[in-house]
Amino acid sequence: MGHEERVQVSSELERDRAGLVDRIVAEVYAEVPAYRALHDSQLAEVRAITGWLVTRSMELWVRDTARLPPEDVERLRGIGRARAADGRSIGAVVRAHRVGSAAAVRILREQAGDRLDAADVFALSELWLASIDQISESLTTGHAEAAEQLDADRERARRALLDDLLIGHQASQGAIRDRARTLGTTPPDPAVLVVAEPARDPAERGRTLAEDVTVSVGLELLAEAAPAGSDPMVTTRSGRVVVLTGAEDAERVAAAVVERGWHGCVLEPRGLTDLSAAYRLADGALEAAPPHALGSDGLLREADACVIALLNGGAVAPATVRRAVLGPLLAHDNRHLLETLRAYFREGAATTAADSLHVHAQTLRYRLRRVRELTGHDPHRPWPRFVLETACAIAP
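Throughout this document, residue positions are counted from 1 along each chain, in the order its sequence is written. Under the rules for a predicted model, residues below a pLDDT of 70 receive no local features and side-chain atom pairs below 80 are neither given nor counted, while totals for whole chains, interfaces and linings still include all residues. Water and hydrogen atoms were dropped before computing side-chain values, which therefore reflect all heavy atoms in the structure.

> Can you walk me through the sheet that holds strand 3 (residues 240-245) in this structure?
Sheet strands pair via backbone hydrogen bonds, and the direction of the pair is either parallel or antiparallel. Any two strands with at least two DSSP bridges between them are considered paired. Strands are runs of DSSP state E lasting at least two residues, helices are runs of H or I lasting at least four, and both sets are numbered from the N terminus onward. Read from one edge of the open sheet, five strands run 2-3-1-4-5, paired in mixed fashion. On the outer flanks of this sheet lie strand 2 (233-237) and strand 5 (299-301), each paired with one strand and no other. Each adjacent strand pair in this sheet contributes to an overall mean axis angle of 20 degrees, direction not counted. Pairing between strand 1 (residues 192-197) and strand 4 (residues 263-266): four bridges, direction antiparallel. Paired with Glu197 across the strands is His263, a residue of strand 4. Note on contacts: a residue pair qualifies if any of its non-hydrogen atoms lie within 4.5 Å across the two residues. Each axis is a line fitted through C-alpha atoms, and for a helix only the stretch in contact is used; angles between axes span 0 to 180 degrees, taken between their N-to-C directions. Along the sheet, helix 8 (residues 215-225) contacts strand 2 and strand 3; its crossing angle with strand 2, the most-contacted strand, is approximately 140 degrees. Strands in contact with helix 10 (residues 275-288) are strand 1, strand 2, strand 3, strand 4 and strand 5; relative to strand 1, the strand with the most contacts, it is inclined by about 30 degrees.

> What is the right way to read the nonpolar core from this model?
Taken as a class, soluble globular proteins show a tendency for nonpolar side chains to be buried jointly. Counting 57 residues, the largest nonpolar core has Leu193, Leu244, Cys265, Leu300, Val325, Leu326 and Leu341 as its most contacted members. Tallying contributions element by element places helix 10 first for this core, with seven residues. Each residue touching Leu193, except ones within four places of it in the same chain, is listed here: Leu166, Val242, Val243, Leu244, Cys265, Val266, Leu267, Leu275, Ala278 and Tyr279. The next biggest cluster of nonpolar side chains, apart from the first, holds 38 residues, and it includes Ile49, Val99, Leu116 and Ala123. Put simply, buried Ala, Val, Leu, Ile, Met, Phe, Trp, Tyr and Cys residues joined by side-chain atoms within 4.5 Å make one nonpolar core. With a 1.4 Å probe rolled over the protein chains alone, any residue whose accessible area is under 20% of its type maximum counts as buried; one over 50% counts as exposed, and the rest are partly exposed.

> Explanation requested: the pattern of salt bridges in the structure shown.
Side-chain pairing between opposite charges can occur once the charged atoms of the two side chains come close. Definition used for salt bridges: Asp or Glu carboxyl oxygen within 4 Å of a side-chain nitrogen of Lys or Arg. Enumeration over the complete set of coordinates arrives at 21 salt bridges. Between Arg23 and Glu110 there is a salt bridge; the shortest N-O distance is 3.0 Å. You can see Arg23 sitting in helix 2 (residues 17-31) and its partner Glu110 sitting in helix 5 (residues 90-112), a full 87 residues away along the chain. Counted as one network, the salt bridges with shared partners bring together Glu197, Arg240, Asp283 and Glu287.

> Looking at this structure, how should I read the pairing of strand 4?
Side chains on a regular strand alternate between the two faces of the sheet. The two faces of strand 4 match: His263 and Cys265 on one face and Gly264 and Val266 on the other face are all buried. Relative to strand 5, strand 4 is paired through three bridges, and the arrangement is parallel. Across the sheet, the residue bridging to Cys265 is Leu300, located in strand 5. Considered for its hand, the β-α-β crossover made up of strand 4, helix 10 and strand 5 is left-handed. Look down the strands so they point away from you; if the path from the first strand over the helix to the second goes clockwise, the crossover is right-handed.

> So what exactly am I meant to see when it comes to unusual backbone geometry here?
Negative phi characterises most residues that are not glycine, and trans characterises most peptide bonds. Omega for the bond connecting Asp189 with Pro190 falls within 30 degrees of zero, at 5 degrees, which places this linkage in the cis form. A positive phi angle, close to 60 degrees, is found at Asp64, a residue other than glycine.

Encoded structure:
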């Protein structure tokens, strides 16, 4: 069978291309489950791609060409990129092309097998085998390229959402929910804000660290934390990493900050619409905190940040500071602990404070331990004592 005969077989198949394409697509539909979920416009696209591949294969066979040309390879990479964009897995896409290729070979054998000689069969087999390899590689490459770009775009969009939350551009719960749905993400709500930075020498305070901290560094920090129960978000602002996470993962993120030897501020959970004020509180605390306020782990908490803001003219109400620091001590059942703490600060020593309250010194020491357990602040250590004493000085 020579060139003219191949042209004739190719022309016959081309005349019935619609029927040929329908048969191939039907096999793909039956054999590849992912393709059964496609809607009509997607199936129409599958038919168009199938028709193009059948026509190109016949053209190359007629010309006795064994491989797809570069322009076809590039088109296939584009198809792979498009499949990544519409969420189809690369495994399903490659399998669909293999099933379709096998179906095309069977149909060709049925319609023209008796007219094909050995040279024609070998030429077509070589073309199909090489084409399948090229198709698989091109689709996979294009899919990977697009998936990587889509991941980067999605992360940029998530970062932009967090940036807007931090500066107060997303003021309503409905707007936040709609934007998050568009991005396919579910920000934790209530959320914990963690602001962290590499440890600095006090002499460097005020220096911009943007050159030291990048988004990739923030993502590395988050990966080290390995959050288990939330959909965290990361950005960087003024040389600091900002992580938005759920309460269940906040300590994991804090531990990762400590493990790196960084400084950070970890706030209490709050609603997404309150993040702008929270960020200013945490950022200001890291900027103004005296070195001994950071403690052995290098972390500030809500109470620390509130006291620092109060001392530096920040937008924090005295009552907010009092609640943040004293918290459980304000409950009716714990009023004796608050009175004990005030007596201790007033008298300056446990024994004299015990005498003023008419309790045993051991009782007073026990109460001070309970204060530490309930508030997280040890009244015997300088900075925690200062935080507690500041809050006690605020009138109820």
